[in-house]
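# Per-entry structural report
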Amino acid sequence: MNAEVRSIRTAAETALSEIFASAFAGLPGDSAVAERRRTAFDAFKAAGLPSRRVEDWKYTDLRALMRDAKPIAGAPDGVMIAAARGALAPYAAIDATRVTFVNGRFVEELSDLATAEGVSVTLLKDALVNGAGVEALSDGVSPAGNVAVALNAAFVADGVVVSVAPGVTASRPIHVANVQAGSEHAAYGRVVARVGEGGNVLLIESHIGDAGAHQTNSVIMLDVADGARAELVKIQDESLDTLHLATLAVRLGAKAELKTFALAAGARAARQQIYVSFTGDGSTAEIRGAGFAGASRHLDTTLVVDHDAVGCSSREHFKTALDGEARSVFQGKIVVKPGAQKTDGKMMAQALLLSEGAEADAKPELEIFADDVVCGHGATVGALDDELLFYLKSRGIPQKEAEALMVQAFVGEVIETIEHEGLREVVTDRALAWLTART
Amino acid sequence: MLSIKNLHASIEDKPILRGLDLEVKPGEVHAIMGPNGSGKSTLSYVLAGKDDYEVTEGSATLDGQDLFALAADERAAAGLFLAFQYPLEIPGVATMTFLKAAVNAQRRARGEGDLPTPQFMKLVREKADGLGISTDMLKRGLNVGFSGGEKKRNEILQMALLEPKLCVLDETDSGLDIDALKVVSEGVNALRAQNRAFVVITHYQRLLDHITPDVVHVMAKGRIVRTGGPELAHELEARGYADYVGEAAA
Ligand SMILES: Nc1ncnc2c1ncn2[C@@H]1O[C@H](COP(=O)(O)OP(=O)(O)OP(=O)(O)O)[C@@H](O)[C@H]1O
Ligand SMILES: [Mg+2]
């Protein structure tokens, strides 16, 4: 890590220290968990909020994006819960085990914890006090010292622990819904999921925000055992004033399968970190995402896929449409460790600029230490094709609508890979809503 | 219906149309023939509103409405249709989705509501069947994986659905086999009407055997250089354009 020694703290750093000091005693967890939180916060304090001088945050200057630290949210009131109920409406048709958090607090009346045989869904706050807490706060996959992950470990008060027994295919998806309601606050969430050998599950994580200026930080730890399969669909639809930091850390065993899709539709600034580690032979991962941003919003996708086993394949495909003065960042790295022969990795990042002021930065990288591998990466940044737009307009379709059709086609390629029909519809509708709002 | 007066247009400061006049009355079919590069496609693009071209002089009106004052989509809504010489492929936009967007956009421009989906589907099926366009093709990306002839038939399908006032067909016959030529010609003839006119750009008499023109024009170097009846096309077929292109004649 890039350890910068700084004596001057930013207002946000000072506030975070104060908030941690006053919240610490009330955070759930046994003494080991308390120790883990302290270590995590100390690591953050030593490094501070990363500025663009820290390589990993070069394009997403967190110190500049996070001018202050919001207070940790209190328990939601009736009005907030009613608002959350409304915000969850798009998901009503999706039959799922549902765990809903409003402002980071579990809300039973908006949840449905019923699970099928062999699937267990419990609250993280219970795990934090029953001896499983330290493990739940240590993913072992994300890079040591990552500030978003450290802050989450220090502050997270609740979340979900999912366990799918070996050989069990969860008959309902598990939906973790995070809703922010209120004017401004910080909320932390964590999902710790393990799919036992030969198990299979669909996880949905959604983030929905009202108009408030929130700071959200979520971590998903996913452990997919040998022969197991996990699909994860994340829908980020925070308020347009929110700073959203999210981390997905996945460990894949042998002959395991991961399929994940992340939609970035909201937030003032969002950073989605995805770390996938292949630890067993013959596994596959499909990692995709789509994003939309207008105004001066900022979307960051940071991805490291670590091939540390033989014969694994990974496909990474991210598409972003940008309007106004929006900016997207894609930092993706495929690492092939020594001995990870027969690795097959392909990464592609594509950005579509719909305005003069939009900007996309892509930094795809390959780090290969084995000789018998097939790896490739690519990145494209471009505008819509005027010839195609003219063809559409010549049929009477107005400019903005023609653009919308083409943007839909552009992101459709990745959205269509979502297997769950209802979920695919939610994502498609969200894309359409964004496109309609442009016209 | 269509009235073009002294039209001059250039692309990248290169004059292509140089004083073109054309009058088309309702119900008429006009054929425009002319050597390669004489500006036929340019004329069709300038009428349809492609941005690349600059109109430097002259006017074009459709039923008295100044075409150059309208954006491309507004010209389409005003009743202008161009069947492209090279229809474009748009992966990811299903042909059906595109057709629906076009039909409804034009309805909205006329202040009508969207066509209910079942009604729209029925209409498309009806017209597509007549042109030999399968349901599978309608589900595919627009023109993606369509053969040359299928793309041309798809243009005629769009024309049939949009029911324009003025149809400009740019070499719709090129790339068609004999049977497809017949299907396409029948499609066009079915649309011939009192209040609809056609400008058919072609190199070959064989299309005009199926779609009988009222007037035939010869275009060379960006102008209409001769106008006559259907017999003019036969004459061109026999003698080529030598009389019209001066020393450059082959
Ligand atoms: N984008 C462009 N830039 C420069 N010149 C162009 C461009 N498009 C067309 N031209 C030129 O304009 C002239 C007329 O072209 P146009 O396509 O209108 O001819 P046409 O009569 O349709 O020919 P054809 O019978 O081969 O279809 C040609 O000399 C062509 O090279
Ligand atoms: Mg041409």
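Quick caveat: nothing in here was measured; it's all calculated off a predicted structure. (Residues numbered from 1 in each chain as written. Chains lettered and ligands numbered in written order. Predicted model: local features only at pLDDT ≥ 70, side-chain atom pairs only at ≥ 80, totals over all residues. Heavy atoms only, no water.)

### Some details on the overall build of chain B
Scanning chain B from N- to C-terminus turns up nine helices and twelve strands. Against the globule reference of 18 Å for 250 residues, chain B gives a C-alpha radius of gyration of 18 Å, in line with a compact fold. If one aligns the C-alpha atoms of chain B with their principal axes, the spans along those axes are about 55 × 40 × 35 Å. Burial status across chain B gives 55% buried among its 250 residues. A total accessible area of about 10,800 Å² is found for chain B, and carbon and sulfur atoms account for 49% of it. (Helix = DSSP H or I, 4+ residues; strand = E, 2+ residues; numbered from the N terminus. Rg over C-alpha atoms; globule rule 2.2 N^0.38 Å. Buried < 20%, exposed > 50% of the residue type's maximum accessible area, 1.4 Å probe, protein only. Areas by Shrake-Rupley, 256 points an atom, 1.4 Å probe, with all protein chains shown as cover.)

### Brief notes about the interface of chain B and chain A
Taken together, the contact between chain B and chain A spans 33 residues of the former and 14 residues of the latter. When chain B packs against chain A, close to 1,900 Å² is buried across both sides, 69% of that on carbon and sulfur atoms. Together, B:D73, B:L88 and B:I90 form the three largest contributors to the area buried by chain B at its contact with chain A, with a combined 26%. Inspection of the chain B/chain A interface yields three salt bridges. Residue B:K50 pairs with A:E387 through a salt bridge whose shortest N-O separation is 3.2 Å. Taken together, the links from chain B to chain A amount to eight residue pairs in polar contact (both at pLDDT 80 or more). (Contact = heavy atoms within 4.5 Å. Buried area = accessible area lost by both parts, 1.4 Å probe. Salt bridge = Lys/Arg side-chain N within 4 Å of Asp/Glu carboxyl O. Polar contact = N/O pair within 3.5 Å; in protein donor to acceptor, adjacent residues only side chain to side chain.)

### Quick notes on the UniProt feature "domain: SUF system FeS cluster assembly SufBD core" (unreviewed entry) in chain A
According to UniProt, the feature "domain: SUF system FeS cluster assembly SufBD core" (unreviewed entry) maps to residues 181-410 of chain A in the numbering used here. Between the first and last C-alpha atoms of residues 181-410 of chain A the distance is 32 Å; the span itself is 9% helix and 59% strand. (UniProt positions renumbered as here; feature names shortened; annotations may be inferred.)

### Considering the side chain of A:N103
All names here are of chain A. Tracing the backbone shows N103 in the loop between β1 (97-102) and β2 (105-106). By relative accessible area, N103 is classed as buried at 4%. Excluding its chain neighbours within four sequence positions, the residues that come into contact with N103 are A73, G74, P76, M80, V179, Q180, A181, H185 and A187.

### Re the site of ligand 1
All names here are of chain B. Around ligand 1, the surrounding shell holds 15 residues, and the nearest of these are G37, K40, S41, T42 and H203. S38 places a polar main-chain atom, nitrogen or oxygen, 3.3 Å from an oxygen atom of ligand 1. Between Q85 and ligand 1, the recorded distance is 3.3 Å, taken from a side-chain N or O atom to an oxygen atom. Within the complex, the protein chains bury 66% of what would otherwise be the 640 Å² of accessible surface of ligand 1. Mapped by element, the contributors of at least two residues to the shell around ligand 1 are β2 (14-24) and α1 (40-48). Top element by residues in the shell around ligand 1 is α1. It accounts for three residues. Of the residues contributing to the shell around ligand 1, the split by class is three nonpolar, eight polar and four charged. (Near = heavy atom within 4 Å. Nonpolar A, V, L, I, M, F, W, Y, C, P; charged D, E, K, R; others polar.)

### Describing the coordination of the magnesium ion (ligand 2)
Coordination sphere of the magnesium ion (ligand 2), protein contribution only: B:S41 (OG) and B:Q85 (OE1), at 2.0 to 2.3 Å. Placement of the pair is B:S41 in helix α1 and B:Q85 in the loop between β6 (80-83) and β7 (90-94), with a sequence separation of 44 residues. (Donors = N, O, S within 2.8 Å, 3.2 Å for Na, K, Ca; no water.)

### Quick look at the sheet that holds strand β6 (residues 186-195) of chain A
All names here are of chain A. The strand order across the open sheet formed by nine strands is β3-β4-β6-β8-β10-β12-β14-β16-β18, and the pairing between neighbours is mixed. Of all the strands in the sheet, the pair left with one neighbour each is β3 (119-123) and β18 (359-368). Averaged over neighbouring strand pairs, the angle between their axes works out to 5° when direction is ignored. Sheet topology places strand β4 (residues 159-164) next to β6; six bridges connect them, and they run parallel. Paired with S163 across the strands is R194, a residue of β6. Sitting on the sheet, helix α7 (residues 147-155) is in contact with β6, β8 (215-224), β10 (243-252) and β12 (269-278), with an inclination near 95° to β6. (Pairing = 2+ DSSP bridges. Axes fitted to C-alpha atoms, helices over the stretch in contact; angles between N-to-C directions.)

### A closer look at the confidence of the model for chain B
Caution is warranted with low-pLDDT regions, since their predicted coordinates should not be read in detail. Of the residues in chain B, 98% have a pLDDT of 70 or more, and the chain-wide mean is 92. We note a pTM of 0.89 for the whole complex and an ipTM of 0.95 for its interfaces. (pLDDT = per-residue confidence, 0-100.)

### Points about the sheet that holds strand β11 (residues 215-220) of chain B
All names here are of chain B. Spatial ordering of the open sheet is given by β6-β9-β10-β3-β11-β12, a layout of six strands whose pairing is mixed. Pairing within the sheet leaves two strands with one partner each, and these edge strands are β6 and β12 (223-228). The average angle at which neighbouring strand axes cross in this sheet is 20°, direction not considered. Sheet topology note: the β11/β12 ladder contains five bridges and is antiparallel. In the strand pairing of β12, V216 is matched with G228. Set on the sheet, α1 makes contact with β3 (29-33), β6, β9 (166-170), β10 (197-201) and β11; between it and β6 the angle comes to about 145°.

### Concerning the nonpolar core
Side chains of a nonpolar character, in soluble globular proteins, are inclined to be buried together. Counting residues in each nonpolar core, the largest one holds 120 residues, and the members touching the most others are A:F261, A:I397, B:L2, B:I4, B:M159, B:L166 and B:F198. Of the residues forming this core, the biggest block, ten residues, is contributed by helix α9 (residues 399-415) of chain A. (Core = buried A, V, L, I, M, F, W, Y, C linked by side-chain atoms within 4.5 Å.)

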